[in-house]
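Descriptive structure summary
Below are the chains, spelled out letter by letter.
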Amino acid sequence: MRKIELEIVALSHSITQTHSYAVVLGEVNGLRRLPIVIGGFEAQAIAVALEKMQPSRPLTHDLMKNFMNAFNVELHEVVISNLQEGIFYSKLICSSNEETIEIDSRTSDALALAVRFGCPIYTFENILNSAGILLDDPGGKKGNKPVTPTISEHEKGAEDDLKALNVDELTTLLQEVLEQEDYIRAIAIRDEINSRKSK
């Protein structure tokens, strides 16, 4: 089966499940999207890597990457290989000492590692056909526009709370949430500070 390359195009609260997030993968040079529901911890792990934040202590996926690097294990690609009863299954394609190994992984963990290693993410046509969403192409152009991954797009109330604070209060709040290791909230605060500075 032909592999189709995907990239992370969005990360937001899941509309269908409370306390869950959705990572949206987009077909490279295509119009299909593959939304996958993941947990809050995994969403935070992906967000931290996407935003190139440096946590004060290594998160679990950072530890895994450090461990793999220490033992010369390279992660070449992530393959979302199966979909059964709404659950996605993935494999990590690794190599060590010229031996290629496939390791089963939860999709959320595989994506968190893919972002850290900068390796490609693939799936198969049958998975995109059964779980993918086709975007309208209003401009008649094929291919993805570069999309900045967005965090917590459905938290309007939280956004309004941030708008009520001044820059000094936002900076103090940012330090507090970083100390609590709430990186998803930190990204929203940082974006609000940056939007004020650009005005």
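Use the structure listed above.
Our subject in this report is the structure included herewith. Computed from a predicted model, the values in this text were never measured in an experiment. (Residues numbered from 1 in each chain as written. Predicted model: local features only at pLDDT ≥ 70, side-chain atom pairs only at ≥ 80, totals over all residues. Heavy atoms only, no water.)

1. Some words on the overall build of the chain
Put simply, the test is: A helix here means a DSSP run of H or I that spans at least four residues, while a strand means a run of E at least two residues long, and both kinds are numbered starting from the N terminus. Only protein chains enter the calculation, and the probe is 1.4 Å; a residue is then buried if its accessible area is under 20% of its type maximum, exposed if over 50%, and partly exposed in between. Two residues form a contact once any of their heavy atoms are found within 4.5 Å. Computed with a 1.4 Å probe, the accessible areas rest on the Shrake-Rupley method; for each residue, only the protein chains presented here act as cover.
A tally of regular secondary structure across the chain gives seven helices and eight strands. Counting every position in the chain, which comprises 199 residues, the buried fraction comes to 43%. By sequence separation, contacts in the chain at least 24 residues apart represent 57% of the contacts at least 6 residues apart. Split by element, the accessible area of the chain, about 11700 Å² in all, is 51% carbon and sulfur.

2. Considering the side chain of His61
Defined as follows: Polar contacts, as used here, are pairs of N or O atoms within 3.5 Å; protein pairs need one atom able to donate a hydrogen and one able to accept it. Residues neighboring in sequence count only if both atoms are side-chain atoms.
Take His61: it is sitting in helix α2 (residues 60-70). A polar atom in the side chain of His61 sits 2.9 Å from the side chain of Asp109. Not counting chain neighbours up to four residues away, the residues in contact with His61 comprise Phe41, Ala45, Asp109, Ala112, Leu113 and Arg116.

3. Thoughts on the environment of Glu74
Among the secondary structure elements, Glu74 is positioned in strand β4 (residues 74-84). Between the C-alpha atoms of Glu74 and Ser96, which are 22 residues apart in sequence, the distance is 6.6 Å. In contact with Glu74, other than residues within four places in its own chain, are Ile93, Cys94 and Ser95.

4. As for α2
Note the cut-off: It is the directions from the helix axis to the C-beta atoms that the arc portrays.
Buried within α2 are the following residues: His61, Asp62 and Met68. Take α2 and look down its axis: the buried residues cluster within an arc of 125°, on one side only. Exposed and facing more than 90 degrees away from the buried side of α2 are Leu63, Phe67 and Ala70. On the buried face of α2, the contacting elements are α1 (40-50), β4, β5 (87-96) and α3 (107-117).

5. Regarding unusual backbone geometry
Not every positive phi belongs to a glycine, and Asn29 is a case in point at roughly 60°. When you line up the elements, Asn29 lands in the loop between β2 (20-27) and β3 (32-39). A relative accessible area of 64% places Asn29 in the exposed class. Here the phi dihedral of Asn97 falls at roughly 50°; this positive angle occurs in a residue that is not glycine. Assignment of secondary structure puts Asn97 in the loop between β5 and β6 (99-106).

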